[in-house]
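Examination of the molecular architecture
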Amino acid sequence: MKQKTLIFILGLLSTIACQAVTSKDNATNMDYDYQLPIQGFHFFNQIQKTGSATTTLTVSYKDYNGKTHKDGLLEIPAAITDQVKKLFNNLLTSGFLFQEIKPLSHYSNIFEAIKSNATFFFASNTGKIWLMVNPVNNPLIIRNDKNNNKKLTHHTHTSVDTTSNELTIFPAAGVLSVNVNQTASTGKLMPKILDVFSKYNFLQALQVGGNPDYLFFGLLGYKYNAPSSMPPKKIKMSSAPLIDPIFSYEPLPDNVKKALIASGSWKKGCPVSLERLNYVQFGYHGYDGNIAQGALVTADVVAPNILEIFRKFFKNKIKVEKPGGGKVGGTGMFICRKITGESGFSLHSYGTALDLSYYRNPYVGEYKHIKSSGGAFATGVIITPDSPLTFLNRNQKIEGFNEVHVDYIRSQGLSEWGGHWLNRTDYMHFQSSPFFSYLFPLIDYDSGRTLLTLEKNADRILHKFSIQSTEIAKWVLMVRLYPKDFAQMFVKNIAQFDALGEDKFYQMLYTKLQAQASK
């Protein structure tokens, strides 16, 4: 059969009315039920359940317990029977798990099949062939922009008057189904399993008609050449304006201090004083093709390392979204605020966390309701209104994805990447360990640099310390008692931590600091 390229129906999904209709919350569980009106989804209105050239095929598969071989039924075009047999045999041997495999004709409509997490074939009335795979685990995401509101909102805002993402996730799978880093990856179309599908000419059809506001994680097209991931504009370095950028760091200038206070980015009660913050200036290559001057506010102890990161980026022509954070740009560092959805201070409040190019590196996770004039709204995937949803698909390799920077930035003391978090994923976020961040404001700059050297070189040893408030309170007491000697004594004896455990290590340090102070 001559191979043809599947194309999406012109104008598909051009008008779509989608809405989040219920959100329920209690002390232990958050259950968000997103519903999509059938009449508003033109793609599904064009489904044909059967056709004259359709045959029924029985395939074996492993269900979600991973132990039982089951037989499933598929209604498929007779012309691709051999391809589908080979595909599902390969999926069985590869260990890929399905919730259930049933024909679409066994359900009242396609929405019932999707909510049942069924895997099934269907065709549009133009004859295009589609395969839906575990749609609850690989959900459909739609940007809900009913008012065409392009106001820039993102997760660093302390208060908003609407949900800051305005996304509908259908079916009601939960935002963590979008997260490719979850340990519960059962039934997800991960890169290795996508290779199996592509071997038999089924390729993931993430976007529809090139529309950046729709993603089908579980939709596969037969012999379909997936659209490009819309990479950012390539920079022609020869045409980039030439400037002589400044690379420096210094204590906060008075005008920067006043700007931080005026904007509310720093206020009385923040965990780091203005005197422990630095102003880092650097040149960068922007996605607009220009070379520009950028600046960030950071903790003084990490300022030399932040400067080195951006100096290397500039030297290697690594593009960066505009520094500034907040409503200014896509890269930010210091802002005194609470952890997203929680009550404690974010490490951004200490100047030890970097959000790098957050348009291309969104936050994926669940957190508490944001109160607004219209009631309580659940917020999940955070992606700015003018950022393509394709940036949620981390199976791609797109210029600007932070995955490639993790090892280098870790070597500069920001030893934790939010892209590795499992209960939520923050692809934009790099940070020093909380333990280091909580203690450095209590000691002088040189002692802080001593601890940061340990953070860089000791294989994440500081991440082994408890950050429970009761445990941190003990360490804070020790630091306040011995601020000049703490860091050196800590580093000198850190090799004993694994053998002693945190409590005994603490007791040993306390004894040694007492003895040294009494001399």
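Residues numbered from 1 in each chain as written. Predicted model: local features only at pLDDT ≥ 70, side-chain atom pairs only at ≥ 80, totals over all residues. Heavy atoms only, no water.

Things to note about helix α9 (residues 445–457)
Rule in force here: We count a stretch as a helix when DSSP gives it H or I for four or more residues in a row; a strand needs E for two or more, and each element gets its number in order from the N terminus. What a helix is expected to span follows from its residue count: subtract one and scale by 1.5 Å. Burial classification: accessible surface area is computed with a 1.4 Å probe over protein chains only, and a residue below 20% of its type maximum counts as buried, one above 50% as exposed, and the rest as partly exposed. Directions drawn from the helix axis to the C-beta atoms are what define this arc.
Between its first and last C-alpha, α9 extends 18 Å over 13 residues, near the 18 Å set by a 1.5 Å rise per residue. Those residues of α9 that sit buried are Ser-447, Gly-448, Leu-451, Leu-452, Leu-454 and Glu-455. The arc that holds the buried residues of α9, viewed along the axis, is 155°, so those residues lie on one side. Residues of α9 that are exposed and point more than 90 degrees away from the buried face comprise Asp-446 and Asn-457. Where α9 ends, the next residue or the one after it, Asp-459, has phi of about 50°, a positive value.

A short note on the sheet that holds strand β9 (residues 140–143)
Across a sheet, strands are paired by hydrogen bonds formed along the backbone, either parallel or antiparallel in direction. Stated formally: At least two bridges found by DSSP between two strands is the condition for calling them paired. Simply put, an axis is a line fit to the C-alpha atoms, just over the touching stretch for a helix, and the angle between two N-to-C directions goes from 0 to 180 degrees.
Here 3 strands make up an open sheet; going across it, the order is β10-β9-β12 and the pairing antiparallel. For this open sheet the edge positions go to β10 (167–170) and β12 (214–216), each flanked by a neighbour on one side alone. This sheet shows a mean twist of 10° between the axes of neighbouring strands, independent of strand direction. The sheet contact formed by β9 and β10 spans 4 bridges and is antiparallel. Counted as the bridge partner of Ile-142 is Thr-168 from β10.

So, the packing of aromatic side chains
To describe a pair of aromatic rings, you give the distance between the ring centres and the angle between the ring planes. Here is the rule we go by: Here a Phe, Tyr or Trp ring, Trp counted by its six-membered ring, pairs with any other such ring whose centre lies within 6.5 Å, and the pair is stacked when the planes are under 30 degrees apart, edge-to-face when over 60, and tilted otherwise. Lysine and arginine charges are scored as sitting over a ring when NZ or CZ, respectively, is within 6 Å of the ring centre and within 35 degrees of the ring normal.
Scanning all chains against the criterion turns up 32 aromatic pairs. On the numbers, 4.9 Å between centres and 85° between planes, the contact of Trp-475 with Tyr-506 is edge-to-face. With Trp-475 in helix α10 (residues 469–481) and Tyr-506 in helix α12 (residues 497–517), this residue pair connects regions lying 31 residues apart in the sequence. In this structure, Trp-475 and Tyr-506 share a single accessibility class: buried. The residue whose ring lies beneath Lys-338 is Phe-345, and the NZ or CZ to ring-centre distance is 5.6 Å. Against the face of Phe-401 rests Arg-394, its NZ or CZ located 3.6 Å from the ring centre.

Some words on the environment of Gly-72
Selection rule: We call two residues contacting when some pair of their heavy atoms lies within 4.5 Å.
You can see Gly-72 is positioned in strand β5 (residues 69–77). Taking the relative accessible area as the measure of exposure, Gly-72 reaches 1% and is therefore buried. When the C-alpha positions of Gly-72 and Leu-57 are compared, they lie 8.2 Å apart, and in sequence the two are 15 residues distant. With near-sequence residues (within four places) excluded, Gly-72 lies in contact with Leu-57, Thr-58, Val-59, Tyr-61 and Ile-101.

Observations regarding the sheet that holds strand β23 (residues 429–431)
With antiparallel pairing, the 3 strands of this open sheet are ordered in space as β17-β23-β21. Looking at strand neighbours, the two that pair on one side only are β17 (353–355) and β21 (416–417), the edges of this open sheet.

Here we look at the state of the cysteines
Stated precisely, the cut-off is as follows: We call a pair of cysteine sulfur atoms a disulfide when they lie within 2.5 Å.
A complete count under the given rule lists 1 disulfide for this structure. With a sulfur-sulfur separation of 2.2 Å, Cys-270 is cross-linked through a disulfide to Cys-336. Across the disulfide from Cys-270 to Cys-336, rotation about the S-S bond amounts to roughly -120°, and the bridge is consequently left-handed. Of the two residues, Cys-270 is situated in the loop between α5 (254–263) and β15 (277–285) and Cys-336 in the loop between α6 (303–315) and β17; the sequence distance between them amounts to 66 residues. Of the two residues examined, Cys-270 and Cys-336, each falls in the buried class.

Overview of the nonpolar core
Applicable threshold: In these notes, a set of buried Ala, Val, Leu, Ile, Met, Phe, Trp, Tyr and Cys residues joined through side-chain atoms within 4.5 Å is what counts as a nonpolar core.
In terms of nonpolar packing, the biggest core is built from 78 residues, with Ile-141, Phe-310, Phe-465, Trp-475, Phe-486, Phe-490 and Phe-505 touching the most fellow members. The contacts of Phe-505, once residues within four sequence positions are left out, are Phe-465, Trp-475, Phe-490, Asn-493, Ile-494, Gln-496, Phe-497 and Leu-500. Membership of the second largest hydrophobic core comes to 26 residues, among which are Val-84, Leu-194, Val-196 and Leu-220.

Remarks on the pattern of salt bridges
Using the following cut-off: Just to be clear on terms, a salt bridge is a Lys or Arg side-chain nitrogen sitting within 4 Å of an Asp or Glu carboxyl oxygen.
Tallying each qualifying case throughout the model produces 10 salt bridges. Its salt-bridge partner being Glu-112, residue Lys-115 comes within 3.5 Å of it at the nearest N-O pair. With Lys-115 and Glu-112 both in helix α3 (residues 110–115), this residue pair falls 3 residues apart, about one helical turn.

Regarding the packing of helix α2 (residues 81–94) against helix α4 (residues 191–199)
This is how the line gets drawn: Orientation labels follow simple angle bins: below 35 degrees gives roughly parallel, above 145 gives roughly antiparallel, 65 to 115 gives roughly perpendicular, and whatever is left gives oblique. Crossing handedness: left-handed means the near helix sits turned counterclockwise from the far one by under a right angle, and right-handed means the same turn made clockwise.
Contact pair α2 / α4: the axes reach a minimum separation of 9 Å and the direction vectors enclose 160°. With respect to each other, α2 and α4 are oriented roughly antiparallel. In terms of crossing hand, the pair formed by α2 and α4 is right-handed. Facing Leu-87, Asn-90, Leu-91 and Ser-94 of α2, the residues of α4 in contact are Ile-193, Val-196, Phe-197 and Lys-199.

Details of the side chain of Asn-90
Considering the arrangement of structural elements, one finds Asn-90 in helix α2. Residue contacts for Asn-90: discarding those within four places in its chain leaves Val-196, Lys-199 and Tyr-200.

Observations concerning unusual backbone geometry
Residues other than glycine seldom take positive phi values, yet Asn-134 does so here, at roughly 40°. Tracing the backbone through its elements, the reader meets Asn-134 in the loop between β8 (129–132) and β9. A relative accessible area of 0% means that Asn-134 is categorised as buried. You will see that Lys-317, though not glycine, has its phi angle at about 55°, which is positive. Relative to the elements of secondary structure, Lys-317 occurs in the loop between α6 and β17.

Topic: the pairing of strand β16 (residues 291–299)
As defined by bridge partners, β15 adjoins β16 across 9 bridges and the pair is classed as antiparallel. When the bridges of β16 are listed, Leu-277 appears paired with Ala-299. The turn joining β15 and β16, which pair antiparallel and follow one another in sequence, is formed by 5 residues; a positive phi near 90° is taken by Gly-289.

Remarks on the confidence of the model for the protein
Detailed reading of the predicted model is not advised wherever pLDDT is low. The following threshold applies: Known as pLDDT, the predictor's per-residue confidence is scaled from 0 to 100.
Taken residue by residue, the protein gives an average pLDDT of 79. The fraction at 70 or more is 75%. A low-confidence stretch, residues 147–164 (pLDDT under 50), is modelled with 40 contacts involving residues beyond four sequence positions or located in other chains. Overall, residues 224–240 carries pLDDT values under 50, and its contacts beyond four positions in sequence, including any with other chains, amount to 35 contacts.

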